[in-house]
Amino acid sequence: MTNVPSKNETILKIEGLSKAFGPVSAVEDVSLSIQRNEFFALLGPSGCGKTTLLRMLAGFEMPTSGAIVLSGENIASLPPEKRPLNLMFQSYALFPHMTVRQNLSYGLEMERLDKAEIRRRVDETLLSTDLTAFADRKPDKLSGGQKQRVALARALVKRPKVLLLDEPLGALDKKLRERMQLELKRLQHEAGITFIIVTHDQEEALVMADRMAILRDGKLLQVGTPEQVYEQPADRFVANFIGIMNFIDGTVGDHGTFTADGYRIALASDRGPGKATLAARPEAIRLSDDGAGLAGTISDIAYHGLDRVLHVETTVSQAPVQVRVTAEEGRNFRPAQQVRLLFDPAKCHLF
Ligand code: ATP
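Residues numbered from 1 in each chain as written. Predicted model: local features only at pLDDT ≥ 70, side-chain atom pairs only at ≥ 80, totals over all residues. Heavy atoms only, no water.

Visitor: Help me understand the overall build of the chain in this model?
Guide: From N to C terminus, the chain includes nine helices and 20 strands. In terms of principal-axis extent, the alpha carbons of the chain reach across some 75 × 45 × 35 Å. Sequence-distant contacts, at least 24 apart, represent 65% of the contacts inside the chain between residues at least 6 apart. Accessible surface, the chain as shown: approximately 17200 Å² in total, 50% of it carbon and sulfur. Computed over 44 positive and 44 negative side-chain charges, the inter-centroid distance for the chain is 5 Å. (Helix = DSSP H or I, 4+ residues; strand = E, 2+ residues; numbered from the N terminus. Contact = heavy atoms within 4.5 Å. Areas by Shrake-Rupley, 256 points an atom, 1.4 Å probe, with all protein chains shown as cover. Lys, Arg positive; Asp, Glu negative; His and termini not counted. Charge placed at Lys NZ, Arg CZ, Asp CG, Glu CD.)

Visitor: Looking at this structure, how should I read the pairing of strand β10 (residues 219–224)?
Guide: Regular strands show a simple pattern: their side chains alternate between the two faces of the sheet. In this sheet, β10 lies alongside strand β9 (residues 211–216) in antiparallel orientation, the contact comprising five bridges. Paired with R216 across the strands is K219, a residue of β10. Two successive antiparallel strands, β9 and β10, enclose a turn made up of two residues, where D217 displays a positive phi of approximately 50 degrees. (Pairing = 2+ DSSP bridges.)

Visitor: Is there a simple way to explain helix α5 (residues 174–191) in this structure?
Guide: Count 3.6 residues to each turn of an α-helix, and residues three or four apart come out pointing the same way. With 18 residues, α5 extends 25 Å between its outermost C-alpha atoms, agreeing within 8% with the 26 Å of an ideal straight helix rising 1.5 Å per residue. In this fold, the buried residues of α5 make contact with β3 (39–43), α3 (115–128), α4 (144–156), β8 (194–199) and α6 (202–208). Looking one or two residues beyond α5, the residue adopting positive phi is G192, at roughly 65 degrees. (Expected span 1.5 Å × (residues − 1).)

Visitor: How should I be thinking about the site of the ligand in this particular structure?
Guide: In the vicinity of the ligand, the contacting residues are F21, V24, A26, P45, S46, G47, C48, G49, K50, T51 and T52. Contacts to the ligand include G49, whose backbone N or O atom sits 3.0 Å from an oxygen atom. At 2.5 Å, a side-chain N or O of T52 approaches an oxygen atom of the ligand. Notes on the ligand: free accessible area 630 Å², of which the protein chains cover 57%. At the level of elements, β2 (24–35) and α1 (50–58) are the ones that each hand at least two residues to the shell around the ligand. Examining the composition of the shell around the ligand, we find that three residues originate from one element, α1, more than from any other. (Near = heavy atom within 4 Å. Polar contact = N/O pair within 3.5 Å; in protein donor to acceptor, adjacent residues only side chain to side chain.)

Visitor: Looking at this model, I keep getting lost on the nonpolar core. Mind explaining?
Guide: Here is a general trend for soluble globular proteins: nonpolar side chains tend to be buried in one another's company. In terms of nonpolar packing, the biggest core is built from 44 residues, with L152, L163, L184, F195, M212, I214 and I242 touching the most fellow members. When residues of this core are assigned to their parent elements, the largest contribution, six residues, is made by α4. Not counting chain neighbours up to four residues away, the residues in contact with I214 comprise L43, K219, L220, L221, Q222, V229, F237, V238, F241 and I242. (Core = buried A, V, L, I, M, F, W, Y, C linked by side-chain atoms within 4.5 Å. Buried < 20%, exposed > 50% of the residue type's maximum accessible area, 1.4 Å probe, protein only.)

Visitor: It is not clear to me how the sheet that holds strand β13 (residues 263–266) should be interpreted in this structure. Could you clarify?
Guide: Strands pair in a sheet through their backbones, by hydrogen bonds, and they do so in one of two ways: parallel or antiparallel. Read across the sheet, five strands follow the order β13-β12-β11-β14-β20 without closing on themselves; strand pairing throughout is antiparallel. Whereas interior strands pair on both sides, the edge strands pair on one side only; in this sheet they are β13 and β20 (348–350). Strand-to-strand twist of the sheet, defined as the mean angle between neighbouring strand axes without regard to direction, takes the value 40 degrees. (Axes fitted to C-alpha atoms, helices over the stretch in contact; angles between N-to-C directions.)

Visitor: Hey, could you run me through the confidence of the model for the chain in this one?
Guide: For any part of a model where pLDDT is low, the fine detail of the predicted coordinates should not be relied upon. Summing up the model confidence of the chain, the mean pLDDT is 90 and the portion of residues at 70 or higher is 97%. For the chain, α5 is the element with the lowest average pLDDT, namely 83, and β10 is the one with the highest, namely 97. Here residues 1–5 is modelled with pLDDT under 50, and outside its nearest four sequence neighbours on either side it reaches 13 contacts, counting other chains as well. (pLDDT = per-residue confidence, 0-100.)

Structure (structure tokens):
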């Protein structure tokens, strides 16, 4: 298998795609372009429509309106088996009475490929997914992670143009899940196949995806790289959904200065005067050592490996303001301590 990344070549174009179930608008006017060899994540809270969108791509759900164009061909009305994309189900759906090798061979036998070709492709895929040693085992003799790899191998062996994955790591425990995230990314890279993955786990999307789409109530809110979505969230919902964000309600004055409960932060904002919410990541705030800044009291210190997140009670928001510090800095702080917070205007957003 070779990896020939050819970014900026659209492989899949979704145009004005909608799906209504009676009065429920599950997917509403979604348009997206997905590049060849991209690892693309569809992300959003439960019920946002991501599974419905994936099922329309796979052909298990007929769109109410819109087009799905794969390599220039509108496939929206083709049945699932006629589409050059493959859906890997969350439940894996392995054949329990077949060995791993037979599970992989089955789809190719259905395509009536010749025996030698099937054997060659299955061997190659077993090797790349680290399953050669398990080729003769049946699924019930495999661990959760191994079963997950078999399901993936079975999808990859058919060499789809696009592989659709619905919560592929949903059944695994946290540790295995984290390992498989990197594994999946490596396999995608090596196979040179476009992956579209559905997840509700924002961290998983940040770790794996080249780009991601955030959905809410069937609507597309933002599409971008993990960095773009994290650093430039399109709205308050996205800002809150991805990573930790502090929100402070206040007003913007005549010169772009934001004020909350008498505390002023000068921002280079082109917003007109009026009510606004300031959004700041924990890393956009630092502790002042000269008495300037927003006064607060540490209520909690959360350990996150290399980082500490201080929870600071202030008068500007109900929720404590979360401030990220290094483990080294973290040693200087304890609960009930009075601190002053400084906001980096370049890293703050106004909604
Ligand atoms: P989850 O993460 O919980 O699986 P999701 O983002 O994948 O959620 P969908 O399963 O796509 O969301 O559902 C989107 C909306 O459409 C929901 O309101 C859901 O109840 C509704 N819906 C989905 N499938 C059907 C169906 N077959 N009939 C009626 N309503 C449906």
